[in-house]
Amino acid sequence: MQEAIFKSSVLVEALPYMQSFHNKYVVVKFGGSVFTQDEHLHNVLQDLVFMRQAGMRPVLVHGGGPFINKAMQDKGIKPKFINGQRVTDKATLNIVSDVLIGHVGERIVKIIESFGGKAKTVNRELAIVAEKHMPEGVDLGFVGKISQIKHDIFEEISNNGGIPVVSPLGMDITGQLYNINGDIAAWKIAADLKAEKLVFLSNIKGIMRDMHNDDSLISTMRVERIAEYINNGTISGGMIPKVKAAENAIRSGVHKTHIVDGRLRHALLLEIFSEKGVGTQIIKSTDPEGYATSETLKLYDEFVIGNYGRLPVVINKAKGSRIWDVENKSYLDFFPGFAVSGIGYNHDKVVEALHRQTDELLHIGNNFHMEAQAILAKLIAQHSYPVKSFFCNSGAEANEAAIKLARIYHQGKRNKIITTIGSFHGRTLGSLSATGQESLQKEFTPIVPGFTYIPFNDIDALKEIDQNTAAVMIELIQGEGGINVATEKYVKKLQETCQKNGVLLIIDEVQTGMGRTGKYFSFQHFDIKPDIFTLAKSLGGGMAIGSMSAKPEISAALVPGTHGSTFGGNPMACRAGIAVFEAIDEEKMLDNVADIQKLMLKKLQSLKSKYNIITDLRGKGVMIGIQVAKNGMQIMQDCLKAGLIINCTKGDTLRMLPAINITPAEIDEGLAIFETILEKHQ
Ligand SMILES: *Cc1c(COP(=O)(O)O)cnc(C)c1O
């Protein structure tokens, strides 16, 4: 059963590749060394038949190495060289053509037929037109260079369901044959047929960073780096012409080239039908670099400041609620992008909006007006109440702006700002000073003066709000602080007290905003209209953007010269923000949050009654904290290994903030993984 499931999953992984390569040419070149064992040859040819049956158009270019050497020995012909280049005289040419077209070519056709495929050799026709080649004026006899590929001959064989089989021989119009270089023939054919891929099967694993270290295989290399690798000796000897041929193919429009070990069973299929492949692929510069995990981690060690506790996983790709690491392991993400990818990773609407905007305008200074910024500001107001917005690039900056607005609004007469213990408002000095966690501040003193911290959800403590207070800044659900939800009574009293004392109420919606709690903004659950609220994280669908929105009579205090941000509200970020609002509305994501919340709570409640390491469940919408009695970090790391991303805050609170468009099936899948880990820790 397990094995059957495994086999099916392999097939499923292959499907998108089959679809995207349908009807596309894949030129495969294999050198003589593959012939040294019949098993390898059969293996490669069977893969080719599979590719043809799966709808691709494989073309085979073969060498004949060991057979040619043997035939020459048998006839007593000694190889001749001029300047290190093999000379092809009449007798040699006869042997080469007999062996290649006659012996090897026909044998390949027979083996392909034995696997139920069709194949035809092309060299007896004028498929490769060649002329005599005299490199640097040296006469090497019947050595030719390609002047033309007759692609209609390839097309005809391929249209009839066959595999063209090519020997590295060219012909001129008089019918004279020439010995040509097989690697060059392969790339010229690939370029001419506009092939999707060119695959070199040889007797090496691929390009190694260090020849003596098997783990140093370079699985992806950009074409621009070839010269550098040749210069530093990583690519050397016989590899150079192959890699140059690969480079030429890419530069003439072939999508990818691969250098793969032909001795490996089903190397061809593995390379073509899986994400990561088994050899080295050479790609255009627009594709990602393709470092192995260890290589990227090493660069981090050396060049990136170590201010984060990072998971040892490298991610280049994500979609919806799923991410893939560079080893092609996939993870279901219940904490996408630290709450930034609230509508899932790379949402189509956001991606499309950005594509359109990149063509028009990446940046314009805030000394001009820009349409996208105006529209996004309008959308924020339409989804809340009449507010005006200022844009910046992060949550911390949004809160900085709110703090500055509160102080300038009171014209310096009040400077006290009250926040809550356990809150999190950002890492810049101002927002850090607002953050009610001494542990985060103590190494950066003196912090910005004027901040007072009161216990969260403590009605009594609201008496701290007085006529010297400029503002209260608060998260209605503390995020980093452990998913602590404010009570309705507390929020009502808070608003009343602020109003009574002329104190501005600032709600930090950086984590709770944009649908996270089932309404656009968490304050909408409490039926209040704060004077100021801040957004960031999910607002940009993955782009860096923050906003500070305030009632117009308050925001009027920010006159020119008082505050600003160079990048703030740039057209790219704002287009992304607009797309996020559209996606949430058009795809009715708030309704989804209601459904998902029910489903998650039901399942988590049942897990809580089953596993007593869960001591508490807290949250709203899809912002859920699960307090555990055991090491939360360990549970989080075990989930990661099992393919589920969650977060842990305060050491004992597991945080699940899945995308607000996550599906019930994905929730089931993730919580099933979660349960296996709980079981282990019980
Ligand atoms: C993440 C967060 C911030 C800080 O946002 P940055 O974009 O990291 O500066 C501020 N407030 C809350 C509630 C947050 O969750």
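Residue positions are given per chain, counting from 1 as you read along its sequence in written order. Side-chain atom pairs in this predicted model are given and counted only at pLDDT of 80 or more, local residue features only at pLDDT of at least 70, and totals for whole chains, interfaces and linings cover all residues. Neither water nor hydrogens contribute to the side-chain values; these are computed over all heavy atoms in the structure.

Visitor: Describe the overall build of the protein, with residues and values.
Guide: Only DSSP runs of H or I reaching four residues or more are called helices, and only runs of E reaching two or more are called strands; each is numbered from the N terminus. Assigned secondary structure in the protein consists of 21 helices and 31 strands. Here the globule rule reads 2.2 Å times residues to the power 0.38, and the radius of gyration is calculated from C-alpha atoms. Its C-alpha radius of gyration of 33 Å places the protein more than 25% over the 26 Å reference for a compact globule of 682 residues. Taken along the three principal axes of its C-alpha coordinates, the protein extends 105 × 60 × 45 Å. Each of the 682 residues in the protein was classed as buried or not, and the buried ones make up 52%. Contacts are residue-level and defined by heavy atoms, with any inter-residue pair within 4.5 Å sufficient. For the protein, restricting intrachain contacts to residue pairs at least 6 apart in sequence, the fraction spanning at least 24 positions comes to 72%. Just so you have it, the protein exposes about 30800 Å², and 53% of that area is on carbon and sulfur atoms. Counted charges follow a simple rule, with Lys and Arg positive, Asp and Glu negative, and His plus the chain ends left uncounted. All charge positions are set by atom: Lys at NZ, Arg at CZ, Asp at CG, Glu at CD. Mean positive and mean negative side-chain charge positions of the protein (75 and 74 charges, respectively) differ by 0 Å. Here the term buried applies to any residue with accessible area under 20% of the maximum for its type, exposed to any over 50%, and partly exposed to those in between, with areas from a 1.4 Å probe on protein chains only. Per-residue and other accessible areas were derived by the Shrake-Rupley procedure at a 1.4 Å probe size, with only the shown protein chains allowed to occlude residues.

Visitor: Tell me about the domain arrangement of the protein, residues and numbers included.
Guide: The split into domains, and so the bounds of each, comes from an automatic or database assignment of domains. By the assigned domains, the protein splits into domain 1 (18-283), domain 2 (315-343 + 589-681) and domain 3 (361-586). Each of domain 1 and domain 2 has a C-alpha centre, and the two are 49 Å apart.

Visitor: Help me get a handle on the pattern of salt bridges, residues and values and all.
Guide: Counted as salt bridges are all cases of a side-chain nitrogen of Lys or Arg within 4 Å of a carboxyl oxygen of Asp or Glu. Enumeration according to the criterion identifies 24 salt bridges in this entry. Lysine 29 is the salt-bridge partner of aspartate 183, the closest N and O atoms lying 2.8 Å from each other. Of this pair, aspartate 183 sits in helix 6 (residues 182-192) while lysine 29 sits in strand 1 (residues 25-30); the two residues are 154 residues apart in sequence, bridging distant segments of the chain. On the basis of relative accessibility, which here comes to 9%, the residue aspartate 183 falls in the buried class. Taking relative accessible area as the criterion, lysine 29 reaches 7% and is therefore assigned buried. Note that glutamate 247 is salt-bridged to arginine 251, the shortest N-O span being 3.0 Å. Of this pair, glutamate 247 and arginine 251 both sit in helix 8 (residues 239-251), 4 residues apart, roughly one helical turn. Under the relative-accessibility criterion, glutamate 247 is labelled buried at 15%. Owing to a relative accessible area of 51%, arginine 251 belongs among the exposed residues under this scheme.

Visitor: So what's going on with the site of the ligand? Which residues, and what values?
Guide: Neighbouring residues of the ligand: 13 residues in total, closest Gly395, Ala396, Asp508, Gln511 and Lys537. A 3.5 Å cut-off defines polar contacts: any pair of N or O atoms within that distance qualifies, except that in protein one atom must be a possible hydrogen donor and the other a possible acceptor, and neighbouring residues in sequence count only when both atoms are side-chain atoms. Aspartate 508 has a polar side-chain atom sitting 2.7 Å from a nitrogen atom of the ligand. The contact in question runs from an oxygen atom of the ligand to an N or O atom on the side chain of glutamine 511, over 2.8 Å. Bound to the protein, the ligand loses 82% of the 380 Å² it would expose on its own. Here the shell around the ligand takes 3 residues from helix 13 (residues 395-409), the largest share from any one element. We call Asp, Glu, Lys and Arg charged. Ala, Val, Leu, Ile, Met, Phe, Trp, Tyr, Cys and Pro are nonpolar, and the rest, Gly among them, are polar. A breakdown of the residues in the shell around the ligand according to their chemical character gives 3 nonpolar, 6 polar and 4 charged. If a single non-hydrogen atom of a residue is within 4 Å of a molecule or strand, that residue counts as near it.

Visitor: Explain the sheet that holds strand 21 (residues 469-474) to me, and be specific about the residues and the numbers.
Guide: The pairing criterion is simple: DSSP has to find at least two bridges between the two strands. Spatial ordering of the open sheet is given by 18-26-25-24-21-19-20, a layout of 7 strands whose pairing is mixed. Each of the sheet's edge strands pairs with one partner strand only, and the pair in question is strand 18 (388-392) and strand 20 (451-454). Neighbour to neighbour, the strand axes of the sheet diverge by 20° on average, direction disregarded. Across 4 bridges, strand 19 (residues 416-420) lies against strand 20 in parallel orientation. Every angle, taken between N-to-C directions, lies between 0 and 180 degrees, and every axis is a line fitted to C-alpha atoms, over only the stretch in contact when it is a helix.

Visitor: Give me the side chain of arginine 618: which residues, what numbers.
Guide: Here arginine 618 is to be found in strand 27 (residues 614-620). Look at arginine 618 and you get buried, because its relative accessible area is 18%. Polar contacts involving the side chain of arginine 618 include one to the main-chain carbonyl oxygen of isoleucine 483, which spans 3.0 Å. A polar contact of 2.8 Å, which involves the side chain of arginine 618, links it to the side chain of aspartate 616. In this structure, arginine 618 is in contact with Gly482, Ile483, Asn484, Met623, Ile624, Gly625, Gln627 and Thr653, ignoring residues within four places of it in sequence.

Visitor: How would you summarise the sheet that holds strand 15 (residues 315-319) if you had to cite specific residues and measurements?
Guide: Read from one edge to the other, the open sheet built from 4 strands follows the order 15-16-17-29, with strand pairing classed as mixed. Strand pairing shows two members of the sheet lacking a second neighbour, strand 15 and strand 29 (644-645), which therefore form its edges. With 4 bridges joining them, strand 15 and strand 16 (residues 322-325) adopt antiparallel strand pairing. By the bridge assignment, alanine 318 is partnered in strand 16 with isoleucine 323.

Visitor: Outline a nonpolar patch on the surface, supporting the account with residue identities and numerical values.
Guide: There is a patch of nonpolar side chains on the surface, built from Leu299, Tyr300, Phe303 and Val304 and spanning about 360 Å² of accessible area. For phenylalanine 303, the position within the fold is in helix 10 (residues 293-303). Surface patches are defined over residues having more than 30% relative accessible area and no salt bridge, joining like charges when they lie within 9 Å and nonpolar side chains (Val, Leu, Ile, Met, Phe, Trp, Tyr) when within 5 Å.

Visitor: Would you mind going over the layout of surface pockets in detail, with residue names and values included?
Guide: In this structure, the second largest pocket encloses a volume near 1100 Å³. Along the walls of the second largest pocket sit 40 residues, with Asn179, Ile180, Asn181, Gly182 and Asp183 positioned nearest its centre. Of all the elements in the fold, those that place two or more residues in the lining of the second largest pocket are helix 3 (65-74), strand 4 (85-86), helix 4 (90-114), strand 7 (144-149), helix 6 and helix 8. Considering only residue class, the lining of the second largest pocket consists of 15 nonpolar, 18 polar and 7 charged. A cavity here means a set of points on a 1 Å grid, drawn over the protein atoms and nothing else, where a 1.4 Å probe fits but cannot get out; a pocket is an open set with protein on both sides within 12 Å along at least five of seven lines, and a residue lines either one if it has an atom within 4 Å of a point. Grid points are joined across faces, edges and corners, and a volume is the space filled by probe spheres set on the points.

Visitor: Hey, could you go over the environment of leucine 48 for me, with residue numbers and the actual values?
Guide: Here leucine 48 lies in helix 2 (residues 38-53). When the C-alpha positions of leucine 48 and leucine 15 are compared, they lie 17 Å apart, and in sequence the two are 33 residues distant.

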